[in-house]
Amino acid sequence: MADPNGFLSIPRRNAPKRPIDDRLGDWREVYEALSPSERDSQVRDQATRCMDCGIPFCHSTSAGCPLGNLIPEWNDLVRRGDWELASERLHATNNFPEFTGKLCPAPCEAACVLAISPDSGGAVAIKRVEETIAEVAWDNNTVAARVSTVSSGKKVAVVGSGPAGLAAAQQLTRAGHEVTVFERDDRLGGLLRYGIPEFKMEKKVLDRRLAQLRAEGTKFVTGCEVGGSGLSVEELHASFDAVVLAVGALRGRDAPDIPGRDLKGVHLAMDHLVPANRECEGDGPSSISAAGKHVLVIGGGDTGADCYGTATRQGALSVTQLDQYPKPPDVRDDTRSPWPVWPVVLRTYPAHEEAGERRFAVAVKRFVGDDDGNVRLVELQTVRVEKNPETGLRTVTPVSDEVETIPADMVLLAIGFEGVEHMPLLDGLGLQLTKRGTLSCGPDWQTNAPGVFVCGDAHRGASLVVWAIAEGRSVANAVDAYLTGASDLPAPVHPTALPLAVV
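Calculation notes
- Counting from 1, residues in each chain are numbered in the order their sequence is written.
- Local features in this predicted model are restricted to residues whose pLDDT is 70 or higher, and side-chain atom pairs enter the listing and the counts only when it is 80 or higher, whereas totals over whole chains, interfaces and linings include all residues.
- Here the side-chain values reflect all heavy atoms present in the structure, with hydrogen atoms and water set aside.
- Two strands qualify as a pair provided that DSSP identifies no fewer than 2 bridges between them.
- Only runs of H or I of at least four residues qualify as helices and only runs of E of at least two qualify as strands under DSSP, and these elements are numbered from the N terminus.
- Angles shown run from 0 to 180 degrees and are taken between the N-to-C directions of axes, each axis being a line fitted to C-alpha atoms and, for helices, limited to the stretch in contact.
- Note on definitions: a residue-residue contact is assigned when non-hydrogen atoms from the two residues lie within 4.5 Å.
- One side-chain nitrogen of Lys or Arg within 4 Å of one carboxyl oxygen of Asp or Glu is enough to make a salt bridge.
- Any Phe, Tyr or Trp ring, taking Trp's six-membered ring, that has another such ring centre within 6.5 Å forms a pair; planes under 30 degrees apart are called stacked, those over 60 apart edge-to-face, and the others tilted.
- Any Lys NZ or Arg CZ found within 6 Å of a ring centre and within 35 degrees of that ring's normal is scored as a charge over the ring.
- Accessibility here uses a 1.4 Å probe with only protein chains present; expressed as a share of the type maximum, an area under 20% marks a residue as buried, one over 50% as exposed, and anything in between as partly exposed.

Caption draft 1: Representation of the sheet that holds strand E6 (residues 266-268) within the structure. Pairing is parallel in the open sheet, where 5 strands are placed in the order E6-E14-E7-E8-E9. The sheet terminates laterally at E6 and strand E9 (357-360), the two strands that pair on one side only. Across the sheet, the mean angle from the axis of one strand to that of its neighbour is 20°, orientation sign disregarded. Here strand E7 (residues 294-298) pairs with strand E8 (residues 318-323) via 5 bridges, running parallel. Residue pairing in the sheet places isoleucine 298 in a bridge with leucine 322 of E8. Packing against the sheet, helix H13 (residues 269-280) makes contact with E6 and strand E14 (410-413), and its axis sits at approximately 75° to E6.

Encoded structure:
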């Protein structure tokens, strides 16, 4: 590092965002498109804030990045302006750094030593540096297809084309195996395609990576329900030497006990996000639009924020997001979430700056409809969430009998996911879901079905894009060893790996 006091002289500077009126008028990404020279100059300054810590918690699997990204190394390379070598270092541990640079909530930044105290000016802007390294590499045409010079003669099927499946496929293709990715949707990408709104990641970013995978030799089949009419389990076993299940955990959590749940206009979050993304793909108007409606988003996480930003762009009259938990503090409370664990703090997404409001410590008592069965109002109560220390179960209790009524023509349930969807493939392979709705595996990522492996959300439960890529890379190592007896592919995480947390 050039200056160990760089963080004292250079303030943290996030990427500038476009004006709100402009953002609400289109579906483009929210961040300003700076000139290459201005962008590179700003990011080189941000990389200079890195202290090259003796023990860099930012790429610790348990506290920071599960991919083990060599963050201090490429920060220093960026500081020196060696973008090409920085890209090599970054791609050595991360197949898709532009995905994580745009979508990951950055546990690396939470674990940065500069995040210990606000007096430091904040963590290094690692996400911004990472994304910029990737974008400079694409701009300079240094992201090339890596075609294997050897062939194992083995065939691998990857079921699912989300970040875990794509990472596993790319690693295995580069190792010399013949890989085919099966996707039941009409387009590739999984949640990257139909779950993530265009304003968070334009799909041209995904498409250019898919082109790289194709150039390397990975094959893709869309519109194919493996285990069903598309490809039977018998055909799967007959055609492939190994199978990787990267089918995600898309079974949305519902709220059937709330009176009025069956009213028209009450939807699960993905029922709203998928057609909105399809409209951006050119498939015609969304079947579930917020235009001209009072929208209520239930759930305070990432998916809720995605629904929030989508509704405002569709022309909602109002958007209100509910969270049953109290409003988190603005800064880390060391007694509750000490560094370097993921901090419990208020997270404001760009969508929250654009319109609408957020409310905390409230829950829905019931949905109220009109004579035609359409939701029109929602009754709310102030609540307290309590956790049973013995069972770990949480109960939501009203703190008073007072009920507030607000208008709502459209309600979106963004309250999480319950695990892997029930599908014929699992029955055909003889696999059962765990109590958490996931697929279990042994230390080699292999399920109870011989030669069948699992990774990503299907194994972990709904999680972060960086964990999906890490598991995809790790399962590729296991499959390679299964097929050839040994593997030199990296395996950044173990199937039992968990992020550091306060219990």
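Caption draft 2: Representation of the pattern of salt bridges within the structure. Under the defined criterion, the tally for this structure stands at 37 salt bridges. Here arginine 23 makes a salt bridge to glutamate 354, at a shortest N to O gap of 3.0 Å. A residue pair is termed long-range when its members are at least 10 positions apart, and arginine 23 in helix H2 (residues 20-24) and glutamate 354 in helix H15 (residues 350-354) qualify at 331 residues. In this structure, the salt-bridge partner of arginine 187 is aspartate 283, at a minimum N-O distance of 2.9 Å. Here the residue arginine 187 occupies a position in the loop between strand E2 (178-182) and helix H10 (191-194), and aspartate 283 occupies one in the loop between H13 and E7, the gap between them amounting to 96 residues. Here the residues in one salt-bridge network are Asp186, Arg187, Arg193, Asp207, Arg278, Glu281 and Asp283, joined through shared partners.

Caption draft 3: Molecular detail of the packing of aromatic side chains. Across all of its chains, the model carries 5 aromatic pairs by this definition. Above the plane of the ring of tyrosine 194 lies arginine 278, whose end atom (NZ or CZ) is 4.3 Å from the centre. Over the ring of tryptophan 467 we find arginine 460; its NZ or CZ atom is 3.8 Å from the centre of that ring.

Caption draft 4: Local environment of unusual backbone geometry. Following tryptophan 339, the chain continues to proline 340 via a peptide bond in cis, the omega torsion being 10°. If you trace the backbone, proline 340 turns up in the loop between E8 and H15. Phi at aspartate 52 takes a positive value of approximately 50°, unusual for a residue other than glycine. With respect to the element layout, aspartate 52 can be found in the loop between helix H3 (36-48) and helix H4 (71-79). On the accessibility criterion, aspartate 52 (42% relative accessible area) is partly exposed.

From the geometry alone we can't say anything about function, so treat these as descriptive.
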